[in-house]
Amino acid sequence: MIGHGTGHKFSRRFARAIATLALTLAPSATVLAQSAPPPPALRASVTVTGEVVRIGDLVENAGPVANIPIFRSPDLGTTGAVSTDRIVDAIRPHELIGIDTRGLTEVIVTRAGRAIPVQEISGRIAQVLSGQYGFGDAHNIMVTFDRDVRTLEVEPDITGALQVQSLSFDPRNAHFDVTFTLPSSVEMRRQTTHYTGTAIATVDALAVNHPIERGQVIKASDVVVLQRPRTDSGVLTDQNAVVGFAARHALQPNQPLNTADLMKPELVRRNDSVTIIYEAPGITLTLRGQAQDTGALGDTVSVLNMESKRVVPGVVTGPGRVSVKAITTRVVDRMVMQPQ
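Keep in mind that this is a model prediction, so the values were computed, not measured.

Criteria and cut-off values
- All chains use their own residue numbering, which begins from 1 and follows the written sequence.
- Note on the predicted model: pLDDT of at least 70 is required for a residue's local features to be given, and 80 or more for side-chain atom pairs to be given and counted; whole-chain, interface and lining totals, by contrast, use all residues.
- With hydrogens and water excluded, all non-hydrogen atoms of the structure serve as input to the side-chain values.
- In this description, a nonpolar core means a group of buried Ala, Val, Leu, Ile, Met, Phe, Trp, Tyr and Cys residues linked to one another through side-chain atoms lying within 4.5 Å.
- Only protein chains enter the accessibility calculation, which uses a 1.4 Å probe; a residue is then buried when its area is under 20% of its type maximum, exposed when over 50%, and partly exposed in between.
- Starting at the N terminus, helices and strands are each numbered in turn, a helix being any DSSP run of H or I of at least four residues and a strand any DSSP run of E of at least two.
- Residue contacts are counted whenever heavy atoms from the two residues lie within 4.5 Å of one another.
- To count toward a patch, a residue needs a relative accessible area above 30% and no salt bridge. Like charges then connect within 9 Å, nonpolar side chains (Val, Leu, Ile, Met, Phe, Trp, Tyr) within 5 Å.
- Per-residue accessibility takes into account occlusion by the displayed protein chains alone, with areas from the Shrake-Rupley method and a 1.4 Å probe.
- A side-chain nitrogen of Lys or Arg and a carboxyl oxygen of Asp or Glu constitute a salt bridge if their distance falls within 4 Å.
- Counted as a polar contact is a pair of N or O atoms within 3.5 Å, where, for protein atoms, one must be capable of donating a hydrogen and the other of accepting one, and residues adjacent in sequence contribute only when both atoms are in side chains.
- The pairing criterion is simple: DSSP has to find at least two bridges between the two strands.
- The axes used here are C-alpha line fits, helices contributing only the stretch in contact, and every angle between their N-to-C directions lies in the interval 0 to 180 degrees.
- Centres within 6.5 Å are what make two rings of Phe, Tyr or Trp a pair, Trp counting through its six-membered ring; a difference in plane orientation under 30 degrees is then read as stacked, over 60 as edge-to-face, and the rest as tilted.

*Asks:* For this particular structure, what's the right way to read the nonpolar core?
*Replies:* Nonpolar side chains in soluble globular proteins tend to end up buried together. In terms of nonpolar packing, the biggest core is built from 24 residues, with I121, I125, F176 and Y195 touching the most fellow members. When contributions to this core are tallied by element, the ones reaching two or more residues are α5 (118-129), β9 (141-145), β10 (152-154), β12 (175-181) and β13 (194-208). Among the elements that make up this core, the one with the highest residue count is α5 (four residues). Setting aside residues up to four positions removed in sequence, I125 forms contacts with V143, F145, F176, V178 and F180. Within the second largest apolar cluster, 18 residues are counted, among which are L58, V59, A62 and V109.

In structure tokens, the structure reads:
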């Protein structure tokens, strides 16, 4: 038999042991908070790759219902907006409750895609034609379509260039007929990839990129390159024939230049004060003069010697400079032949 005092001690020891065991087995409030899953919440924007938008695309922490589709995706490469009310209504039947809308009124949905722009389509046609039918490099082929052409949109993981399914070209009228394909793309089969138009050989013609006044000297920064039909005769293609020359008349931007549009820069103008460099064997004199003509480098012009008031010819050798050389007279002795 256990005595009364002994029984109280045993009860106290037992109670402390039970309490210690309870503390050991019971998780703390912090542990419970960490193990609780975060609440579902709307995303402000999302990018999808498939044809449908799923709950998990729009809602973070959607749990078991994440893979359930609720909307059709936008077209490839496009973006749309879905109102928060529509999203909540669509999710409600799937018993996902307590969604934090984060104060959003709509969610922006983008469907990823690979865009094949018109420039890439025309460039591919030029590549296909280059090296045949009398064409040179693809860069010098100008492609014009018979109708408006739209950007193609294919799946984002589709790589590689457009493949030719069929091609014909008539050199007599420069008309082409081509159909492209991308064998691994399902979306490509739903779009028009048949194109017709003309393709002509071109040259890199030079033009100015802003209005140029008569007499203005053209700099490299004033010049742009235009593609012009190779049959256009007279257009300038060499920058050395343009840069450093002056406009013979007012030039308009994006108009191909030809030789008649340019001239040597006028270094001396009529009535300008000039420096006359008088050269004779062993003598070089510098005199003041007045130009009587307008001339470019190497041109012969008349100048008035301001000291002697005589007009003499000279050669333009630089801006405001005219070189005059002494005229030497060659005396030829004539022998008088006496009759024998």
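*Asks:* Before we go on, may I ask you to explain a nonpolar patch on the surface in this structure?
*Replies:* A cluster of nonpolar residues, Y133, V164 and L167, forms a patch on the protein surface that exposes about 220 Å² of accessible area. Along the chain, V164 falls in strand β11 (residues 163-170).

*Asks:* Please explain the side chain of S73 as it appears in this structure.
*Replies:* Note that S73 resides in the loop between β5 (69-72) and β6 (79-83). Side-chain polar atoms of S73 contact the backbone nitrogen of V52, separated by 3.1 Å. Apart from residues no more than four positions distant in its own chain, S73 is found in contact with V48, G50, E51, V52, V53 and R111.

*Asks:* Sorry if this is basic, but what is going on with the pattern of salt bridges here?
*Replies:* Side chains that carry opposite charge are capable of pairing whenever their charged atoms lie near each other. Scanning the model with the defined rule gives 11 salt bridges in all. With a shortest N-O distance of 3.0 Å, E60 and R102 are connected by a salt bridge. With a gap of 42 residues between them, E60 in strand β4 (residues 59-60) and R102 in the loop between α4 (84-91) and β7 (106-111) connect regions that are remote in the sequence. Here R102 falls in the partly exposed class, since its relative accessible area comes to 45%. Measuring nitrogen to oxygen at the nearest pair gives 3.0 Å for the salt bridge that ties R172 to D170. Among the residues examined, R172 registers a relative accessible area of 79% and is labelled exposed. A single network of salt bridges, built from pairs that share partners, joins E51, R111, E187 and R190.

*Asks:* Please explain the sheet that holds strand β19 (residues 283-291) as it appears in this structure.
*Replies:* Adjacent strands of a sheet pair through backbone hydrogen bonds, lying either parallel or antiparallel. If you trace the five strands once around the closed barrel, you get β18-β19-β21-β22-β23, paired in mixed fashion. Looking at each pair of strands side by side, their axes are set apart by 50° on average, direction ignored. As paired strands, strand β22 (residues 311-318) and strand β23 (residues 321-325) are joined by three bridges and run antiparallel to one another. The residue bridging V316 from the neighbouring strand is V322, located in β23.

*Asks:* Where do I start with the sheet that holds β6 in this structure?
*Replies:* One open sheet accounts for three strands, arranged β2-β7-β6; its pairing is mixed. Two strands close off the open sheet at either side, each with one partner strand: β2 (45-48) and β6. Pairs of neighbouring strands in the sheet enclose a mean axial angle of 25°, with direction left out of account. Inspection of the sheet shows β2 paired to β7 by four bridges, in the parallel sense. Each bridged residue has a counterpart across the sheet, and for V48 the counterpart in β7 is R111. Each of β6 and β7 touches α4; the most contacted strand, β6, lies at about 70° to it.

*Asks:* Explanation requested: the packing of aromatic side chains in the structure shown.
*Replies:* Ring pairs (aromatic) are described by centroid distance and by the angle formed between their planes. Inspection of every chain in the model, using the stated rule, returns five aromatic pairs. Judged by centre distance (4.9 Å) and plane angle (50°), the rings of Y133 and F169 are tilted. Placement of the pair is Y133 in the loop between α5 and β9 and F169 in strand β11, with a sequence separation of 36 residues. For F169, a relative accessible area of 12% translates into the label buried. Here the aromatic cluster, defined as three or more aromatic residues joined through ring pairs, consists of F145, F176, F180 and Y195.

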